[in-house]
Amino acid sequence: DARVTQTPRDKVTEMGQEVTMRCQPILGHNTVFWYRQTMMQGLELLAYFRNRAPLDDSGMPKDRFSAEMPDATLATLKIQPSEPRDSAVYFCASGLSGGGNEQFFGPGTRLTVL
Amino acid sequence: AQRVTQPEKLLSVFKGAPVELKCNYSYSGSPELFWYVQYSRQRLQLLLRHISRESIKGFTADLNKGETSFHLKKPFAQEEDSAMYYCALRNQGAQKLVFGQGTRLTINP
């Protein structure tokens, strides 16, 4: 049963520290998405990749956030420096490019910045 | 601009009662509409999409282009339906999804 995996599942850190979240998409999927979930805003798209190339990162604060895909089996989302307002659940999703294809979500990383 | 609005953050109904989760959208093209569900301690998963015109777990949703709505309905709610529900939209043929803010549905015994 292929699933998207994310690590860590929970992260508590102090303001100013660097945070790196990792995602392993389903093998063979060529699109990867990063979302942030908060009570106030719901689910917001931060960035997404197709064939490892960033297609849209307009939802991501550029000054502190960065997203990369070092290879087809790993996507990373980094926050440096972290701030309390970054506290949220960060979801990764993967899918196949092409209309009508479903996105499959990972379990999320719950980030708390003190 | 694409926008999805779920006017109710919280919705509580009794078991056996009908339930309707509202979703309105704004989009100038031909959108695809979806409902995603997140049960407690589980990952977000697709519940249904408008192009399938199917009923999943007793839920249905009809796309009303005149009212730009895609409300999710179930005639008789069950306790296991308690979850967070997200309505989402994307352009036909595209990958990017735009989500609403979500509605937390609680089914009371």
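The following paragraphs examine the structure supplied in this document. (Residues numbered from 1 in each chain as written. Chains lettered and ligands numbered in written order. Predicted model: local features only at pLDDT ≥ 70, side-chain atom pairs only at ≥ 80, totals over all residues. Heavy atoms only, no water.)

Here we look at the overall build of chain A
Counting its secondary structure elements, chain A contains zero helices and 11 strands. Each helix and strand of chain A, ordered N terminal to C terminal, gives the series β-β-β-β-β-β-β-β-β-β-β. The C-alpha radius of gyration computed for chain A amounts to 13 Å, which stays within 12% of the reference 13 Å derived for 114 residues, consistent with globular compactness. Summarising its shape, the C-alpha atoms of chain A cover approximately 40 × 30 × 30 Å along the three principal directions. Going through the 114 residues of chain A one by one, you find that 45% of them count as buried. Across chain A, the fraction of contacts at a sequence separation of at least 24, relative to all contacts at a separation of at least 6, is 55%. (Helix = DSSP H or I, 4+ residues; strand = E, 2+ residues; numbered from the N terminus. Rg over C-alpha atoms; globule rule 2.2 N^0.38 Å. Buried < 20%, exposed > 50% of the residue type's maximum accessible area, 1.4 Å probe, protein only. Contact = heavy atoms within 4.5 Å.)

Concerning the interface of chain A and chain B
Residue-level contacts link 28 residues of chain A with 17 residues of chain B. For the pair chain A and chain B, the summed buried surface comes to about 1900 Å²; carbon and sulfur atoms form 46% of the total. Across the salt bridge formed by K96 of chain B and D56 of chain A, the nearest N and O atoms sit 2.8 Å from each other. Where chain A meets chain B, there are seven residue pairs in polar contact (both at pLDDT 80 or more). For the side of chain A that touches chain B, the secondary structure elements donating two or more residues are β4 (31-38) and β5 (42-50) of chain A. Here the side of chain A that touches chain B takes five residues from β5 of chain A, the largest share from any one element. (Buried area = accessible area lost by both parts, 1.4 Å probe. Salt bridge = Lys/Arg side-chain N within 4 Å of Asp/Glu carboxyl O. Polar contact = N/O pair within 3.5 Å; in protein donor to acceptor, adjacent residues only side chain to side chain.)

Some details on the packing of aromatic side chains
Scanning the entire structure with this criterion turns up 11 aromatic pairs over all chains. Considering the side-chain rings of F105 of chain A and Y36 of chain B, the 5.6 Å spacing of their centres and the 70° angle between planes classify their relative orientation as edge-to-face. In this pair, F105 of chain A is assigned in strand β10 (residues 104-105) and Y36 of chain B in strand β5 (residues 31-38), connecting two distinct chains. Overall, the relative accessible area of 4% leaves F105 of chain A in the buried class. Taking the relative accessible area as the measure of exposure, Y36 of chain B reaches 1% and is therefore buried. Note on Y86 of chain B and F99 of chain B: the rings are 6.1 Å apart at their centroids and 90° apart in plane angle, and the pair reads as edge-to-face. Note that Y86 of chain B is positioned in strand β9 (residues 83-91) and F99 of chain B in strand β10 (residues 98-99), a separation of 13 residues in sequence. (Phe/Tyr/Trp six-rings, centres within 6.5 Å; stacked < 30°, edge-to-face > 60°.)

Looking at the sheet that holds strand β8 (residues 74-79) of chain A
All names here are of chain A. With antiparallel pairing, the four strands of this open sheet are ordered in space as β1-β3-β8-β7. Each edge of the open sheet is held by one strand with a lone partner, namely β1 (5-7) and β7 (65-71). Taking each pair of neighbouring strands and ignoring which way they run, the sheet shows an average axis angle of 20°. When β1 meets strand β3 (residues 19-24), the two strands line up antiparallel, connected through three bridges. Across the sheet, residue Q6 finds its bridge partner in β3, namely C23. (Pairing = 2+ DSSP bridges. Axes fitted to C-alpha atoms, helices over the stretch in contact; angles between N-to-C directions.)

Comments concerning the nonpolar core
Judged by nonpolar contacts, the single largest core of 25 residues is most densely connected at W35, L72 and Y85 of chain B. The set of elements that each furnish at least two residues to this core consists of β2 (10-14), β3 (19-21), β5, β6 (45-49), β9 and β11 (103-108) of chain B. With four residues, β9 of chain B is the single largest residue contributor to this core. Contacts of L72 of chain B, omitting those with residues within four sequence positions, involve V19, E20, L21, W35, L47, L48, F59, T60, A61 and Y85 of chain B. A47, I79, A88 and L111 of chain A belong to the second-largest nonpolar core, a separate cluster that totals 22 residues. (Core = buried A, V, L, I, M, F, W, Y, C linked by side-chain atoms within 4.5 Å.)

What about unusual backbone geometry?
Residues and elements named next belong to chain A. The peptide bond linking T7 to P8 adopts the cis configuration, its omega dihedral lying at -10°. Looking at where P8 falls in the secondary structure, it is placed in the loop between β1 and β2 (10-13). Residue P81 is bonded to the preceding Q80 through a cis peptide linkage, with omega at -5°. Looking at the element boundaries, P81 is found in the loop between β8 and β9 (88-95).

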